[in-house]
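Below are the chains, spelled out letter by letter.
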Amino acid sequence: MAMKSSQFTTARSSGVRRLVPGSSRSSRSSRLLASTAKASAKTSDKKKTDTSKRPELEGHVAIDAPPASFVTEREGDEAKDSIRHKFEKLIRESQDSICAAITEVDGMEFREDAYTRPSGGGGITRVFQGGNVWEKAGVNVSVVYGLMPPEAYRAATGNDDAELNGEGFVPFFAAGISSVMHPHNPHAPTMHFNYRYFETEQWGGIPSQWWFGGGCDITPSYLYKDDMEHFHGTLKNVCDEHDEAYFPKFKQWADDYFMIKHRGERRGCGGIFFDDLNDKPKEELFEFSKQCQQSVVPAYVPLVEKHMNDEFTEDQKRWQQARRGRYVEFNLVYDRGTTFGLKTGGRIESILMSMPLTSRWEYDYVPEKGTPEWDLLDACQTPRDWV
């Protein structure tokens, strides 16, 4: 039986796209991308959670609203010119603009939870579930001062074999933005991105270090060649503006990183991934991270608009749920950010925001060769070059 992700299609109402019966599908337009410029104006309209009704989680203290800056709140106004403060400002602006663009399409506003950490810093989690287009969507920012055990340092650097001779814990600063979007419709892809800046103080004979990391990847359930060309092409254009060696290097890194080793397949169809990036001046790498964050909406949202009202069958939904299961497996077993968050006392609800609302595991579920499902699995087992 053919179904739609919603019984409704999109229309404009009171400045926000809402789903109303009987309307034709809205076209992709510059109005969506222009919505990112209106993000700050929309921030005050977001739903706020009554913090008096929420328990503190893992020692994190719920607050009614975040401070103007977690960095200057801790370090004072003299930190305003620091890369720490500049990166916090960037990721909070990115959170505003991306949430505004998603709400523009879905019609549902994000719930916001703000919190502080006892060790310093804090975060802002924005999420909604059961939306009109997305089953679950979240965009988190965090600014963290803390002490991490040596095993968390290994997780942060991706070097499990590092010889760490210091005693006690490693002092660190980390700021980042992360997001996962899981649409209802099996023909619309899931998307994830994460961009971060990291510093460690001198410890155990290791000098203080800084680096940028991050990436953006696409996880379709059904493969559309033009969609993959658009997504990867957008990322390539950003990379090429800074270094033509970036895209092939970072695409391969993504193909390697998102490998589900116990399955022998990738989580999805990749994108870019990079870490420990400190081989150029900080300001230059800051600009690269900034442009990567600004590319999220134009790379991804048009693909969802294209497919969010496609008809689909129960079997296609079942296949999407199976692929969501693979998503869960990767995140809980291999994802570096999840591991780091759990080992440094991160806020559990924010860390596990990336989990899909629903997923499925069936015994020995293997698609028949030659089917669209098999084509997707083949692309996950043997990564393809899209641009």
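Quantities reported herein were computed from a predicted structural model and do not represent experimental measurements.

Conventions and cut-offs
Residues numbered from 1 in each chain as written. Predicted model: local features only at pLDDT ≥ 70, side-chain atom pairs only at ≥ 80, totals over all residues. Heavy atoms only, no water. Salt bridge = Lys/Arg side-chain N within 4 Å of Asp/Glu carboxyl O. Helix = DSSP H or I, 4+ residues; strand = E, 2+ residues; numbered from the N terminus. Buried < 20%, exposed > 50% of the residue type's maximum accessible area, 1.4 Å probe, protein only. Expected span 1.5 Å × (residues − 1). Contact = heavy atoms within 4.5 Å. Phe/Tyr/Trp six-rings, centres within 6.5 Å; stacked < 30°, edge-to-face > 60°. Lys NZ or Arg CZ within 6 Å of the ring centre and 35° of its normal. Core = buried A, V, L, I, M, F, W, Y, C linked by side-chain atoms within 4.5 Å. Axes fitted to C-alpha atoms, helices over the stretch in contact; angles between N-to-C directions. Parallel < 35°, antiparallel > 145°, perpendicular 65-115°, else oblique. Nonpolar A, V, L, I, M, F, W, Y, C, P; charged D, E, K, R; others polar. Left-handed = near helix turned anticlockwise from the far one by under 90°.

Novice: Tell me about the pattern of salt bridges, and please be specific about residues and values.
Specialist: Between side chains of opposite charge, a pair can form as their charged atoms come close. Applying the stated rule across the entire model yields 28 salt bridges. Here Arg347 and Asp113 are joined by a salt bridge, their closest N and O atoms 3.5 Å apart. Of this pair, Arg347 sits in the loop between α11 (336–343) and α12 (348–351) while Asp113 is found in strand β5 (residues 111–116), placing the two residues 234 residues apart along the sequence. Each member of the pair, Arg347 together with Asp113, is buried.

Novice: Tell me about helix α6 (residues 225–242), and name the residues and values.
Specialist: Over its 18 residues, α6 extends 26 Å from the first C-alpha to the last, a length consistent with the 26 Å expected when each residue adds 1.5 Å. Listed in full, the buried residues belonging to α6 are Asp227, Met228, Phe231, His232, Gly233, Thr234, Leu235, Val238, Cys239 and His242. Buried residues in α6 make contact with β9 (190–200), β10 (209–219), α7 (246–257), β13 (271–277), α8 (282–294) and α9 (296–307).

Novice: Tell me about the packing of aromatic side chains, and please be specific about residues and values.
Specialist: Here the distance between the centres and the angle between the planes together describe a pair of aromatic rings. Using the criterion set out here, one finds 26 aromatic pairs in the structure. Geometrically, the ring pair formed by Phe87 and Phe286 is edge-to-face, given 6.4 Å between the ring centres and 75° between the ring planes. Placement of the pair is Phe87 in helix α4 (residues 83–106) and Phe286 in helix α8, with a sequence separation of 199 residues. Assigned by exposure class, Phe87 and Phe286 land together as buried. Measuring from ring centre to ring centre gives 6.3 Å for Tyr195 and Phe274, while their planes differ by 40°; the resulting arrangement is tilted. Of this pair, Tyr195 sits in strand β9 while Phe274 is found in strand β13, placing the two residues 79 residues apart along the sequence. Like Phe274, Tyr195 is buried. In this structure an aromatic cluster arises from ring pairing among Phe193, Tyr195, Tyr246, Phe250, Trp253, Tyr257, Phe258, Phe273, Phe274, Phe288, Phe330 and Tyr334. In this arrangement the basic side chain of Arg267 is found over the ring face of Tyr327, its NZ or CZ atom lying 4.1 Å from the centre.

Novice: Please set out the nonpolar core residue by residue, giving values where relevant.
Specialist: Across soluble globular proteins, nonpolar side chains show a tendency to be buried alongside one another. Counting 64 residues, the largest nonpolar core has Trp134, Met181, Met191, Phe193 and Phe288 as its most contacted members. Excluding residues within four positions of it along the chain, Phe193 makes contact with Ile98, Val139, Ile177, Ser178, Ser179, Gly215, Cys216 and Val296. Among the nonpolar cores identified, the runner-up in size contains nine residues, and Val144, Met148, Phe172 and Trp203 belong to it.

Novice: Could you give an account of unusual backbone geometry, naming the residues involved and the relevant values?
Specialist: Even without being a glycine, Asp276 presents a positive backbone phi close to 55°. Here Asp276 is to be found in strand β13.

Novice: Can you tell me about the packing of α8 against α9, naming the residues and giving the values?
Specialist: The geometry of α8 relative to α9 is characterised by a closest axis approach of 5 Å and an angle of 20° between their N-to-C directions. Here α9 runs roughly parallel to α8, going by the angle between their axes. Along the contact surface, α8 presents Cys292, Gln293 and Gln294, while α9 presents Val296, Val297 and Pro298. Tallied by class, the residues present in the contact of α8 with α9 amount to four nonpolar, two polar and no charged.

Novice: Lay out the packing of α6 against α8 with the relevant residues and their values.
Specialist: Look at α6 against α8: their axes get within 10 Å of each other, and the N-to-C directions meet at 165°. Taken together, the axis directions place α6 and α8 in an arrangement best described as roughly antiparallel. Viewed along their axes, α6 and α8 form a crossing whose handedness is right-handed. Contacts between α6 and α8 involve Val238, Cys239, Glu241 and His242 from the first element and Glu284, Glu287, Phe288, Gln291 and Cys292 from the second. Here the contact of α6 with α8 is composed, by residue class, of four nonpolar, two polar and three charged.

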